[in-house]
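Report on the structure
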Amino acid sequence: MAEEMNMKGAGMNPLSAVPAEGRANLMKSSDSIRAVLMSRLANMAPNELQMLDSAITPEVARVLMKLLPELQELVGAVSSQRQGMQKRQAPQPAGGMPRNMGALGNM
């Protein structure tokens, strides 16, 4: 009987019992999560950032941004920073992206 109960609960959405306002709050961006993500990216080696660049396709990026709305803001910040750098600098490295932009640059 307990096993049957566990199987029924396995297919349920755990958020179904949470009020709509609570679900909306869970999907909002968090300053603390954004800060942690930025810190972790800043501490990654250039080769690790390149691996992320090559592994994260646009399709995967869309899913990741749904899971982590903070990524959308980081991508926006990187894009803005990149545009500002392009205006100030004439030549760009191969690939058109400044070397220090890392994994978020290709999203």
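Here the structure is shown first, and the text comes after it.
Cut-offs and rules
- Residues numbered from 1 in each chain as written.
- Predicted model: local features only at pLDDT ≥ 70, side-chain atom pairs only at ≥ 80, totals over all residues.
- Heavy atoms only, no water.
- Helix = DSSP H or I, 4+ residues; strand = E, 2+ residues; numbered from the N terminus.
- Buried < 20%, exposed > 50% of the residue type's maximum accessible area, 1.4 Å probe, protein only.
- Contact = heavy atoms within 4.5 Å.
- Areas by Shrake-Rupley, 256 points an atom, 1.4 Å probe, with all protein chains shown as cover.
- Salt bridge = Lys/Arg side-chain N within 4 Å of Asp/Glu carboxyl O.
- Lys, Arg positive; Asp, Glu negative; His and termini not counted.
- Patch = residues over 30% accessible without salt bridge, like charges linked within 9 Å, V, L, I, M, F, W, Y side chains within 5 Å.

1. Focus on the overall build of the protein
A count of helical and extended segments in the protein gives 6 helices and 0 strands. Each helix and strand of the protein, placed in order from N terminus to C terminus, yields the pattern α-α-α-α-α-α. Taking all 107 residues of the protein together, the buried fraction comes to 21%. Sequence-distant contacts, at least 24 apart, represent 60% of the contacts inside the protein between residues at least 6 apart. A total accessible area of about 8,100 Å² is found for the protein, and carbon and sulfur atoms account for 59% of it.

2. A few points about the pattern of salt bridges
Oppositely charged side chains can form a pair if their charged atoms are brought close together. Counting across every chain of the model gives 2 salt bridges. The closest approach of N and O atoms between Asp31 and Arg34, which form a salt bridge, is 2.0 Å. One end of the pair, Asp31, and the other, Arg34, are both in helix α3 (residues 31–42), 3 residues apart, so they sit about a helical turn from each other. In this structure, Glu73 engages Arg34 in a salt bridge whose closest nitrogen and oxygen atoms are separated by 2.1 Å. A residue pair is termed long-range when its members are at least 10 positions apart, and Glu73 in helix α6 (residues 69–88) and Arg34 in helix α3 qualify at 39 residues. Through salt bridges with shared partners, one network takes in Asp31, Arg34 and Glu73.

3. Remarks on the side chain of Glu70
Tracing the chain through its elements places Glu70 in helix α6. Arg34 provides the closest opposite charge to the buried, unpaired Glu70, separated from it by 5.9 Å.

4. What about a nonpolar patch on the surface?
There is a patch of nonpolar side chains on the surface, built from Leu15, Leu26 and Met27 and spanning about 270 Å² of accessible area. Counting through the fold element by element, Met27 comes out in the loop between α2 (20–26) and α3. Judged by its relative accessible area of 47%, Met27 is partly exposed.

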